[in-house]
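Letter by letter, the chains look like this.
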Amino acid sequence: MEEEIINLLKREEKLSDEALDEIKNIEINDFADTIKDVGSEPTEYIKKDEIVNGLNTKVVGKNIYIFKEVMSTNTIAKFLSENGAENGTVIISEKQSNAKGRMGKAWESPLGGIWLSIILNPQVDHSKIPMITLTTGVAVAKTLERIGIKNAEIKWPNDLMINDKKVCGILTEAIAKFNTIEKVIIGVGIDANLDVTSLPEELQSGTTTLDVELGEKVDENEVIRIFLEEFEKIGIKFNNEEYENILKEWRKRSYSIGKIVEVRKPFNEYYDGYVLGISREGALVVEKIDGTLEKVISGECIIKN
Ligand code: BTN
């Protein structure tokens, strides 16, 4: 069974029904040992010591699992969270073979990037999910500011942009029971030191990296450490329901407000509009061409020239 879990962690192989049953009874410590087995393969540049050395957090990053390659840190995080992993557990991989982006898209994750997921047990209702994503976006923006990138902006809901190019994406996945969110997995992908020309051609012109913007390679471990700290700091505000404060931080860095956009909602509903702002729930407030106002909770928003 252990072999099956290891395969799942590495290559998303399916688990047998027996193995799934067995996992439900497994102690988290045993499970963690299996995870460590996979994680014991030497990594090239992500090093736990360098992340935790000086890490100033109480909860976020107390448990960190680092992998050389997995299919998706979000999948591992989901699997771990369902098997008792603690609030604030972090999963990081140097490479992902089947990473997930928003709206069912794939996410390119070659070596040189920062691909991580955080497990949270927030005990809030479903309506707070958009706010969790926006909060994470602010944490990434603050991280970039601390490493010297002062002009990062947040494109609703969750893309970090520098000079009109995307440098980071965030994928929030909730595990809900009735109306209460039991667990939330926050996946963050930052294009740190990777070579943009190694990405598929259609992504190249719209993508930038931290090293291109700074003119030198960044220390991925330092960026991760700073991000975990910023995430915990703003997470405390979230837990204290200081949403207006978080939204103020988001608005200050908004890439979307004041722009003409094409809103693409799930189920192929498209329309153009002008972005007026962001609401208390974290929805984008758009004035449609006919003057009506719309709150967009989920979907995509393409900036029009
Ligand atoms: C987007 O489409 O902009 C969201 C991209 C999210 C990518 C990250 S990388 C770490 C985590 N694992 C995944 O499979 N996806 C997220």
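For the structure, see preceding data.
As the structure is a computational prediction, the values presented were derived from the model and not from experiment.

(A) Quick peek at the nonpolar core. In this structure, L144, L160, L210 and L228 are the most contacted members of the largest nonpolar core, which totals 62 residues. Here this core gets 9 residues from one element, more than from any other, and that element is helix 6 (residues 129-146). In this structure, this core is formed jointly by two domains, domain 1 (2-251) and domain 2 (260-303), each of which donates at least three residues. For L210, the residues in contact, after removing those within four places along its chain, are L144, I147, I149, V167, I190, D191, A192, V218 and V223.

(B) Inspection of the pattern of salt bridges at higher detail. According to the stated counting rule, one finds 21 salt bridges in the structure shown. As a salt-bridge pair, E86 and K62 come within 3.3 Å of each other at their nearest N and O atoms. Placement of the pair is E86 in the loop between helix 5 (73-81) and strand 2 (90-93) and K62 in the loop between helix 4 (48-52) and strand 1 (64-67), with a sequence separation of 24 residues. The class for K62 is exposed, based on a relative accessible area of 56%. Among the salt bridges present, the one from D211 reaches K217, with a minimum N-O distance of 3.3 Å. Looking at D211, the relative accessible area reads 14%, which means it is buried. By relative accessible area, which is 59% here, K217 ends up exposed. In the salt-bridge network here, residues are joined through shared partners; they are K142, E145, E249, K252 and R253.

(C) Highlighting the packing of aromatic side chains. Per the stated rule, a full pass over the model turns up 3 aromatic pairs. Here W107 and W115 contribute two aromatic rings whose centre-to-centre distance is 6.5 Å and whose plane-to-plane angle is 80°, an arrangement assigned as edge-to-face. Here W107 and W115 have matching classes, each one buried. Judged by centre distance (5.7 Å) and plane angle (45°), the rings of F227 and F231 are tilted. A residue pair is termed a helical-turn pair when its members lie 3 or 4 positions apart in one helix, as F227 and F231 do in helix 9 (residues 220-239) at 4 residues.

Thresholds, definitions, all that
- Residues numbered from 1 in each chain as written.
- Predicted model: local features only at pLDDT ≥ 70, side-chain atom pairs only at ≥ 80, totals over all residues.
- Heavy atoms only, no water.
- Core = buried A, V, L, I, M, F, W, Y, C linked by side-chain atoms within 4.5 Å.
- Buried < 20%, exposed > 50% of the residue type's maximum accessible area, 1.4 Å probe, protein only.
- Helix = DSSP H or I, 4+ residues; strand = E, 2+ residues; numbered from the N terminus.
- Domains from an automatic or database assignment.
- Contact = heavy atoms within 4.5 Å.
- Salt bridge = Lys/Arg side-chain N within 4 Å of Asp/Glu carboxyl O.
- Phe/Tyr/Trp six-rings, centres within 6.5 Å; stacked < 30°, edge-to-face > 60°.

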